[in-house]
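So the chains spell out like this:
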Amino acid sequence: MTASTASVPHFRMYIGGQWVDTDDRYELANPANEQLVATAARGTVEHADQAVAAALAAHRRGEWRNATPEERAATMTRIVEILNERMDELVELHVAENGVTIRQAMAFHVGYSISHLQYFADLARSYSFESPGPMLGYPTMATGITRREPIGVVAGIVPWNFPLLAVWKLGPALAAGNCVVIKPDEKTPATLLELARAAHDAGLPPGVLNIVTGEGEEVGKRLSAHPDVRKIAFTGSTAVGRLIAQQAAENVKKVTLELGGKGPNIILPDADLDTAVDAALFAFCLYQGQACESGTRLLLPDSLHDEFVGRMIERAKAIKVGDPADFDTDMGPIISAEQKARIESYLELAPKEGATVAFQGEVPEGPGHWVPVTILTDVTNDMRIAQEEIFGPVLCVLRYSDVQEAIDIANDTEYGLSAGVWSEDIDAAMEVARQIDSGTVWINDWHMVNALYPFGGFKQSGMGRELGPHALDEYTEEKFVHVDLSRSRERRVYDLVVPAEEG
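Residues numbered from 1 in each chain as written. Predicted model: local features only at pLDDT ≥ 70, side-chain atom pairs only at ≥ 80, totals over all residues. Heavy atoms only, no water.

Draft legend 1. Broad picture of a negative patch on the surface. Together, Asp 270, Asp 272, Glu 424, Asp 425 and Asp 427 give the surface a local cluster of negative charge. Mapped onto the elements of the fold, Glu 424 is located in the loop between β18 (418–422) and α15 (426–434). Judged by its relative accessible area of 57%, Glu 424 falls in the exposed class. (Patch = residues over 30% accessible without salt bridge, like charges linked within 9 Å, V, L, I, M, F, W, Y side chains within 5 Å. Areas by Shrake-Rupley, 256 points an atom, 1.4 Å probe, with all protein chains shown as cover. Salt bridge = Lys/Arg side-chain N within 4 Å of Asp/Glu carboxyl O. Lys, Arg positive; Asp, Glu negative; His and termini not counted. Charge placed at Lys NZ, Arg CZ, Asp CG, Glu CD. Helix = DSSP H or I, 4+ residues; strand = E, 2+ residues; numbered from the N terminus. Buried < 20%, exposed > 50% of the residue type's maximum accessible area, 1.4 Å probe, protein only.)

Next comes the structure, spelled out in structure tokens:
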């Protein structure tokens, strides 16, 4: 990094409606050129405690939780409007700190996130926060009301790859009337702190949203275990997810975990190859393969294997790797030197396990964290490269002889986040989809995560669901209020314990 810290933007934490700074700071580097992009305050456990205290105080004041759903929706919509007004600046900042290409940032990382926040604003208006129950005649004449009430203080811990998808946690939490503390990853806090600025400018009451930076081992751990946090929502690795679940169990808080994946992409013999070849590349190369739902295991029938791989290699040669701020770039850098080294360790392991490097693309020379598009063939599902999440632009190609074998291979993993099936016969594809152990199965598509439908994992890919019409269920407590309607003493059951009065 050559730029002076005085010449780049500085981002402070947002706690209790105030901007909070520290002497100790993160230096945020552009992964494409390793130049300094910005600095950010480095939070501590004490800042986490301050953020939780601010959220708890706001919850107890009740300004947000007692607002009507329509009032909450209106404020959230104003946040969306401000984010849309600042779209260009957000995209530029996100590309610089994150390394995603500008086209993907506009369509997915920023654009998608803003539209999903609007979905939750709209959901606040339509969600059933209170529903009457039926009239009961036994054991007493009674009725009741079922209420969905805010949990209280919600903490969200979000990863570096899609920081603005914090809205998957923030959106339903706010819509339900909760107060929130978000911890971004230390590599990419800037865009989330800009979201906090938009919320502040939209008039969100102080303490309802708090953004605290810091190391996961310290600040994240404190949020997971904090007794005043009643719900923790985490997106990240399975290993860290296990730790968070253990920490949250100490005071029995609600937990949502969206964890790792090793997505099987099954090409059935009748698939449209013109579409499926490009889609297979899209499935594992979007954002340099740094997405938990990526399709990193390609399952091909013996009859199509050689043709499909050959066509895919020819198409892969056209992928332009380079400056993510250039609209012509298809794929950018890896987030960090550490992550690059991790991916390269798997590339070194692959031939040792018996895999063949069928294709490896070109990457820019000079600074930056670059990993080439890599296609590995002769992979068997017992290899580590086929079982472990590499989190880079690396595809493992596996053969199958019949559809049942493909299903067995797809399910032979500790993960179950995403899968895909390609076929011209939708009924046949649906039958395969029914047998795959995965939270999402795409048919003739990939990466299309729609706010209208639930997203989450089977097995060690997580617990709970984000998105969809029931997303607010994860951020509310269910209460039943019983109302006795019997006026007659004879209808009461108290005399099972209290003797009836004589006369």
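Picking up where we left off.
Draft legend 2. Quick look at the nonpolar core. Counting 135 residues, the largest nonpolar core has Leu 209, Ile 266, Val 379 and Ile 385 as its most contacted members. Not counting residues up to four positions away in its chain, the partners in contact with Val 379 are Ala 355, Ile 385, Ala 386, Cys 396, Val 397 and Leu 398. Ala 276, Val 309, Met 312 and Leu 395 belong to the second largest nonpolar core, which has 28 residues in total. (Core = buried A, V, L, I, M, F, W, Y, C linked by side-chain atoms within 4.5 Å. Contact = heavy atoms within 4.5 Å.)

Draft legend 3. Up close: unusual backbone geometry. Although it is not a glycine, Asp 378 sits at a positive phi angle of roughly 60 degrees. Here Asp 378 is to be found in the loop between β16 (374–377) and α13 (384–387). For Asp 378, a relative accessible area of 44% translates into the label partly exposed. We note that Leu 467 has phi near 70 degrees; this positive angle belongs to a residue other than glycine. If you trace the backbone, Leu 467 turns up in the loop between β20 (462–463) and β21 (476–484).

Draft legend 4. Representation of the pattern of salt bridges. Inspection of every chain in the model, using the stated rule, returns 29 salt bridges. The residue Glu 81 makes a salt bridge to Arg 78 at a minimum N-O spacing of 3.2 Å. Here Glu 81 and its partner Arg 78 are both found in helix α2 (residues 69–85), three residues apart, which amounts to about one turn of the helix. Three or more residues joined by partner-sharing salt bridges are found here, namely Glu 130, Arg 147, Glu 149 and Lys 479.

Draft legend 5. Main features of the environment of Val 153. Tracing the backbone shows Val 153 in strand β8 (residues 153–157). A residue is classified by how much of its surface remains accessible, and Val 153, at 1% relative accessible area, is buried. Taking C-alpha positions, Val 153 is 37 Å from Pro 264, a pair spaced 111 residues apart along the chain. Every residue in contact with Val 153, bar those within four places of it in the chain, is listed here: Val 52, Ala 55, Leu 56, Cys 179, Asp 228, Val 229, Arg 230 and Lys 231.

Draft legend 6. Looking closely at the packing of aromatic side chains. Applying the stated rule across the entire model yields eight aromatic pairs. Relative to Trp 19, the ring of Tyr 14 lies with its centre 4.7 Å away and its plane at 45 degrees, an arrangement referred to as tilted. With centroids separated by 5.7 Å and ring planes inclined at 70 degrees, the aromatic side chains of Phe 162 and Tyr 287 adopt a geometry described as edge-to-face. Of this pair, Phe 162 sits in the loop between β8 and α6 (167–175) while Tyr 287 sits in the loop between α10 (273–285) and β14 (297–301), placing them 125 residues apart in sequence. Judged by relative accessible area, Phe 162 falls into the buried class, the value being 15%. Relative accessible area serves as the criterion here: at 0%, Tyr 287 is assigned to the buried category. The residue whose ring lies beneath Arg 72 is Phe 129, and the NZ or CZ to ring-centre distance is 5.3 Å. The aromatic ring of Tyr 475 is capped on one face by Lys 231, whose charged end is 4.7 Å from the ring centroid. (Phe/Tyr/Trp six-rings, centres within 6.5 Å; stacked < 30°, edge-to-face > 60°. Lys NZ or Arg CZ within 6 Å of the ring centre and 35° of its normal.)

Draft legend 7. Just the side chain of Thr 296, in detail. Residue position: Thr 296 is located in the loop between α10 and β14. Not counting residues within four places of it along the chain, the set of residues in contact with Thr 296 comprises Lys 262, Gly 263, Phe 284, Val 394, Leu 395 and Cys 396.

Draft legend 8. Summary view of the sheet that holds β18. The strand order β15-β16-β17-β14-β13-β18-β19 describes an open sheet built from seven strands, whose pairing is mixed. Edge positions in the sheet fall to β15 (356–360) and β19 (440–443), since each of these pairs with one other strand and no more. Neighbour-to-neighbour, the strand axes of the sheet open up by a mean angle of 20 degrees, direction not taken into account. Its contacts with the sheet place helix α14 (residues 403–411) against β13 (264–267), β14 and β17 (394–400), and it is angled at close to 140 degrees to β17. (Pairing = 2+ DSSP bridges. Axes fitted to C-alpha atoms, helices over the stretch in contact; angles between N-to-C directions.)

Draft legend 9. Layout of α15. Looking only at α15, the buried set comprises Ala 429, Val 432 and Ala 433. The arc enclosing the buried residues of α15, seen along the axis, measures out at 100 degrees, which places them on a common side. Facing away from the buried side of α15, by more than 90 degrees, are the exposed residues Asp 427 and Arg 434. In this structure, the buried side of α15 is in contact with β13, α14, β18 and β19. Its side-chain oxygen at 3.1 Å from the backbone nitrogen of Asp 427, Asp 425 defines the N-terminal cap of α15. (Arc of directions from axis to C-beta. Polar contact = N/O pair within 3.5 Å; in protein donor to acceptor, adjacent residues only side chain to side chain.)

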